[in-house]
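Tertiary structure, described
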Amino acid sequence: MKPIQDSLRKWGSQSDLQKQLQQLKENVLSHQEIRSFIDSHQLTNDIVERHLMLFYEYTTQQHSCNSCSSVDQCINVMKGYLPKLVYTGTRIEIRYEKCDSNIRESTMKKQQSLVQGMAIPDEVLNATMSDLDTLELASKRRAVSLAVDFIDQYKSSPPPVGLYIHGSFGTGKTYLLGAVANELKSRYKASSLLLFVPEFIRQCKESLGNDSLARRVQAVQEAEVLMLDDLGAESMSSWMRDEVLGPIFQYRMMHKRPTFISSNLGVDELLHHFSYSQRGEHEQLKAMRIMERIRTLTIPVELTGKNRRDKK
Ligand code: ADP
Ligand code: MG
């Protein structure tokens, strides 16, 4: 008698299982993205039935990073990767592709590792646009209002051009760059690469010997938003002008990548700076070419006022 009861019980649980499976199947097939995938590829019942478990896996995963603040919080099987359904013609596959948060974080890590040692003061890291609103002078108001416009229009296509912020020492140029970077980060999760130019040049010279120059230049070219702080404070060589800065500006111009520059020099003084190399050669044409790129990439704005460092 016992074996019969056992089989009856087994039959009972099997039908429960059947019900559960049926329910699962209905849930999976009513998932909007699955339905449109099936429709767009005109998949037959047979192929759909064979891939139910795969569809189920797809529905359990997160499909967008909009509400996700970091890769650490990702709920997916592969953290930082989003599932994508692919039909090969005979079968369906799930491919996992890097999500936006993952791409952003790894780009930032890559950039940070390339600009190590570039100390950005805490006050700049913590600068905010609201601190800047209170600035009194007309020239500062113009710079701040251009910066605010840039931030407001950051997501437009093509993106807005950056600023060439010039003015004497201590007027708040670096601080303004930091504030823009922080605002872009908090509003759009956009990452800015802020480089102190004299230090960047030193690192470029160093990396000439160990092959990492091309990678370093590439990371700077591709940065989402690039901020070159204190351009003109370095001693310029024609190599640096033509082989490093030139290609960086050229790339950013062609790919419409927002670029900010700060300098103690006005535009004409910068032309002069680029015209004379360390060796005293006068290369007006090459200097004019690089200035042309800077003019395309930025709107010049002067920051005047007293040296804020004097108060300290
Ligand atoms: P610059 O880059 O033009 O030489 P900084 O940006 O380094 O000048 O500013 C000089 C000093 O003034 C820094 O200590 C900076 O933190 C401070 N500072 C500049 N602008 C502001 C501001 N809007 N609010 C508070 N501190 C500021
Ligand atoms: Mg500065």
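Now for a look at the structure at hand.

Definitions and cut-offs
- Residues numbered from 1 in each chain as written.
- Chains lettered and ligands numbered in written order.
- Predicted model: local features only at pLDDT ≥ 70, side-chain atom pairs only at ≥ 80, totals over all residues.
- Heavy atoms only, no water.
- Phe/Tyr/Trp six-rings, centres within 6.5 Å; stacked < 30°, edge-to-face > 60°.
- Helix = DSSP H or I, 4+ residues; strand = E, 2+ residues; numbered from the N terminus.
- Buried < 20%, exposed > 50% of the residue type's maximum accessible area, 1.4 Å probe, protein only.
- Salt bridge = Lys/Arg side-chain N within 4 Å of Asp/Glu carboxyl O.
- Axes fitted to C-alpha atoms, helices over the stretch in contact; angles between N-to-C directions.
- Left-handed = near helix turned anticlockwise from the far one by under 90°.
- Contact = heavy atoms within 4.5 Å.

This part is about the packing of aromatic side chains. Applying the stated rule across the entire model yields four aromatic pairs. Note on F37 and F55: the rings are 6.4 Å apart at their centroids and 75° apart in plane angle, and the pair reads as edge-to-face. With F37 in helix α2 (residues 32–41) and F55 in helix α4 (residues 52–60), this pair connects stretches of sequence that are 18 residues apart. Overall, F37 belongs to the buried group, its relative accessible area being 9%. Each ring, one from F150 and one from F260, has its centre 4.8 Å from the other, and the planes form 85°; the classification is edge-to-face. Taken together, the residues F150 in helix α8 (residues 138–152) and F260 in strand β6 (residues 259–263) connect sequence positions 110 residues apart. Judged by its relative accessible area of 2%, F150 falls in the buried class. Within the aromatic cluster, the residues linked to one another by ring pairs are F150, Y154, Y188 and F260.

In total, this model carries 12 salt bridges according to the counting rule given. Residue K25 is joined to E49 by a salt bridge in which the shortest nitrogen-to-oxygen separation is 2.5 Å. Residue K25 is found in helix α1 (residues 2–30), and its partner E49 is found in helix α3 (residues 45–50); the two are separated by 24 residues along the sequence. A salt bridge links R295 to E292; its shortest N-O distance comes to 3.7 Å. On the criterion of helical spacing, the pair formed by R295 and E292 is a turn pair, its members being three residues apart in helix α14 (residues 284–297). Owing to a relative accessible area of 45%, R295 belongs among the partly exposed residues under this scheme.

Attention now moves to the packing of helix α11 (residues 213–222) against helix α12 (residues 238–254). Running from N to C, α11 and α12 cross one another at 35°; their axes reach a closest spacing of 8 Å. Taken as a pair, α11 and α12 cross one another with a handedness that is right-handed. Here α11 contributes L213, V217, V220, Q221 and E222 to the contact with α12, which in turn contributes W239, V244, P247, I248, Y251 and R252.

What follows covers the environment of V28. Within the element layout of this structure, V28 appears in helix α1. For V28, a relative accessible area of 4% gives the class buried. Leaving out residues up to four positions away in the same chain, V28 has contacts with I34, L52, F55, Y56 and T59.

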